[in-house]
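Chain by chain, the residues run as shown.
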Amino acid sequence: MKGRKKIYFGGIVLLMAVAFMMFTSCLEGGTNTRTGTVTGVMRLDLATGKTVLDVPDYYAGYVAFYSPQFQNINPGACCIVNYELDFELPENSSEILAINNYYTVTVSEIQELDVFNVKTVQTDTAAMLPDEVPVLDPAYSIEGYVQNHMFVVQLINQPSDQKTNWDMSCNIMQDPIEESGQRIYDLFVRASVGTAGSKSSVDMSLINAYNVGYLLTSIAQKEKNLGNSEVYLRFNYVSSIKDGELVWGKTQPTYFLVQQIIPDGY
């Protein structure tokens, strides 16, 4: 897990101490209020007819939040939300939670995120993409995995009004590289200019959602079959472009628990 970081993104302040929230370990019988920022995926709860936000949870896989402000957002949308959770509200009592299976929260800000599909065929690492630009950090932090989506904070130097397209790929048929007792799977992250900006370039942090469920499930199942409990990922990225040649860098491996990707019963 990475340390405590503060990141400014689109008017929302992210202040996360760990990559995955841990609601189930501390909410039972709670009598306090929690405020924070979370990422998640909207879902239509068929039992109540309400739109809820599924939020990553370290132990349970996910927990659900409800706010009336979610009702105008389409199910399947990936969002970042500033919230307040009051455990003393009647609707957050253990009796009501057992019926609704979601926590009622107060939302101060919400923003939909860009979603990119992860390719299961690796891009040509020698060929430059159209309008490709280098990346400062492809995985500054990973803010959770839920409903087949991985939320990643990525750093890039660009005009603040530029629209950037992100490309993440992985050869799904690859054999992992074994280092220091870890079986590491390599992902490749690239960025290109979608809509050029007119402002000065600055270092920016962008949080993006990646539809990576098929790939991670395949890898997690492979590791589970071998009796392993963790999936290790390494992000390779274009760190600079010199004389038309791509210079590649790579991060230290990060990991997910197999249980987070393939919960018991699946």
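Placed above this text is the structure.
Residues numbered from 1 in each chain as written. Predicted model: local features only at pLDDT ≥ 70, side-chain atom pairs only at ≥ 80, totals over all residues. Heavy atoms only, no water.

Chemist: Is there a simple way to think about the sheet that holds strand β7 (residues 103-104) in this case?
Modeler: As a general point, the strands of a sheet are linked pairwise by backbone hydrogen bonds and lie either parallel or antiparallel. With respect to topology, six strands assemble into an open sheet ordered β7-β5-β4-β3-β6-β8, the strand pairing being mixed. What marks the edges here is a single partner per strand, and that holds for β7 and β8 (106-112). With two bridges connecting them, strand β5 (residues 61-66) and β7 associate as parallel partners. Looking at the pairing, tyrosine 66 lines up with threonine 104 of β7. (Pairing = 2+ DSSP bridges. Helix = DSSP H or I, 4+ residues; strand = E, 2+ residues; numbered from the N terminus.)

Chemist: Would you mind going over the side chain of glutamate 223 with me for this structure?
Modeler: Among the structural elements, glutamate 223 can be located in helix α2 (residues 213-225). Residue class for glutamate 223 comes out buried when judged on its relative accessible area of 2%. Apart from residues lying up to four places away in sequence, glutamate 223 is in contact with Arg183, Tyr185, Asn228, Glu230, Val231 and Val258. (Buried < 20%, exposed > 50% of the residue type's maximum accessible area, 1.4 Å probe, protein only. Contact = heavy atoms within 4.5 Å.)

Chemist: I would appreciate a short explanation of the nonpolar core in the present structure.
Modeler: In a soluble, globular protein the nonpolar side chains are often hidden away together inside. Residues Met150, Trp166, Met168, Leu233, Phe235, Phe256 and Ile261 are the most contacted members of the largest nonpolar core, which totals 33 residues. Contributions of two or more residues to this core are made by β11 (137-146), β12 (149-159), β13 (163-169), β15 (182-195), β16 (201-211), α2, β17 (230-242) and α3 (258-261). Leaving out residues up to four positions away in the same chain, methionine 150 has contacts with Ile142, Gly144, Tyr145, Met168, Asn208, Ala209, Tyr210, Val212, Phe235 and Phe256. Within the second largest apolar cluster, 18 residues are counted, among which are Val38, Met42, Ala77 and Val105. (Core = buried A, V, L, I, M, F, W, Y, C linked by side-chain atoms within 4.5 Å.)

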